[in-house]
Amino acid sequence: MDRQGRSGLKRMTILVLVMAAISLTLFSCSTYCGQNRYHYLDMADAQLHQLEEPSSDAPTAVIHTTMGDITAVLYPEEAPVYVEQFTRLAKEGYYDGTYVFQVEKDVYFSAGTPDNTGKLSGSLEASPQENVAAETSANLWPFRGALCVPLTGHDRSFWDNLFGNAVDYCGTRFLVCNSIEFDDEIKAGLEEIDEAAKDVTDAFMERGGIPNYAQQMTVFGQAYGDESFETIDKITAVAVKAADPESEYTAPVEDIIIEKIDITTWGNL
């Protein structure tokens, strides 16, 4: 795990212990995703939907790639704005023929651009679909197989940050989590987190994921099934090019294409 990610996890642990010391029943998590920031969540009524068996009517995306398929349940109740956009764009064919443009070995891959360098068509600022307000939920976390959306920008001042009014934005590109390596230091950090978040920390320990991304980006789906995880493993294991000097993305040496994304329901697979 890189130094930045390890630092984020340490900050998460420190904040949780401080919060526990002053008897607040909040779960705190800090991570890095373009900006460093903190979220304070009441975990009392949290339901970890990604650990549940999907219902037959659960909206589902089947992502067909040149290295295999990923079948993911979508969560419109938790991320309604982003799921609506993703579903609409998928049905319109927006993702057909787009690229996996970034691979962090064994940890995640990013996809969904018409250019294999990760560049978008046109200006980021001029496109409403690249400026969707980020949605976070105590019920969704970046476990292994989670579909997330990296940030594209933010609208925040000192006072926005102070009073919790800052807004982050995300766009059409999405990220699929594999997992960091849970070494002894990271395990110890997770084990020290407040009891209120035990279900979350246990799930990270058992299933893997990227805990230092928690509550920093929209989580809108979760992969299910052996084929999905085999595909995620294969994609995140590929050889990559040197980092692009402009974007710093490390694209696969051999292009990986999203052929299309089918939208259906779990019961109709």
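Residues numbered from 1 in each chain as written. Predicted model: local features only at pLDDT ≥ 70, side-chain atom pairs only at ≥ 80, totals over all residues. Heavy atoms only, no water.

Draft legend 1. Focus on the side chain of Gln85. The residue Gln85 is located in helix α2 (residues 80-92) in this model. With relative accessibility at 5%, the residue Gln85 sits in the buried group. Not counting the four nearest positions on each side in its chain, Gln85 is found in contact with Gln129, Val132, Gly171 and Thr172. (Helix = DSSP H or I, 4+ residues; strand = E, 2+ residues; numbered from the N terminus. Buried < 20%, exposed > 50% of the residue type's maximum accessible area, 1.4 Å probe, protein only. Contact = heavy atoms within 4.5 Å.)

Draft legend 2. How the structure looks around the pattern of salt bridges. For the coordinates displayed, the defined rule picks out 6 salt bridges. Residue Lys119 is joined to Glu246 by a salt bridge in which the shortest nitrogen-to-oxygen separation is 3.6 Å. Residue Lys119 is found in the loop between β6 (108-113) and β7 (132-133), and its partner Glu246 is found in the loop between α6 (226-236) and β13 (257-265); the two are separated by 127 residues along the sequence. A residue is classified by how much of its surface remains accessible, and Glu246, at 64% relative accessible area, is exposed. When salt bridges with common partners are traced through the structure, they connect Glu84, Arg88 and Glu92 into a single cluster. (Salt bridge = Lys/Arg side-chain N within 4 Å of Asp/Glu carboxyl O.)

Draft legend 3. Spotlight on helix α5 (residues 198-207). When we look at burial in α5, the residues that qualify are Val200, Thr201, Ala203 and Phe204. Across the axial projection of α5, the buried residues extend over an arc of 155 degrees, all falling on one side. Residues of α5 that are exposed and point over 90 degrees away from its buried face: Asp199 and Glu206. Next to the buried residues of α5 lie α4 (184-191). One or two residues past the end of α5 sits Gly208, with phi positive at roughly 85 degrees. (Arc of directions from axis to C-beta.)

Draft legend 4. Representation of the sheet that holds strand β5 (residues 98-104) within the structure. Spatially, the 8 strands close up into a barrel ordered β3-β4-β12-β8-β11-β6-β5-β13, and their pairing is antiparallel. On average, adjacent strands in this sheet sit at an angle of 35 degrees to one another, irrespective of strand direction. In this structure, strand β8 (residues 146-149) lies alongside strand β11 (residues 174-177), joined through 2 bridges in antiparallel fashion. Bridge pairing links Leu147 to Val176 in β11. (Pairing = 2+ DSSP bridges. Axes fitted to C-alpha atoms, helices over the stretch in contact; angles between N-to-C directions.)

Draft legend 5. Quick look at the packing of aromatic side chains. Applying the stated rule across the entire model yields 10 aromatic pairs. A centroid spacing of 5.7 Å and a plane angle of 80 degrees characterise the contact between Tyr95 and Phe174, whose relative ring orientation is edge-to-face. Of this pair, Tyr95 sits in the loop between α2 and β5 while Phe174 sits in strand β11; the two residues are 79 residues apart in sequence, bridging distant segments of the chain. The two residues Tyr95 and Phe174 agree in class, both being buried. Arranged with centres 4.7 Å apart and planes meeting at 65 degrees, the rings of Phe143 and Phe204 form a pair that is edge-to-face. Note that Phe143 is positioned in the loop between β7 and β8 and Phe204 in helix α5, a separation of 61 residues in sequence. Put simply, the rings of Tyr82, Phe86, Tyr94, Tyr95, Phe174 and Phe220 pair up and form one aromatic cluster. (Phe/Tyr/Trp six-rings, centres within 6.5 Å; stacked < 30°, edge-to-face > 60°.)

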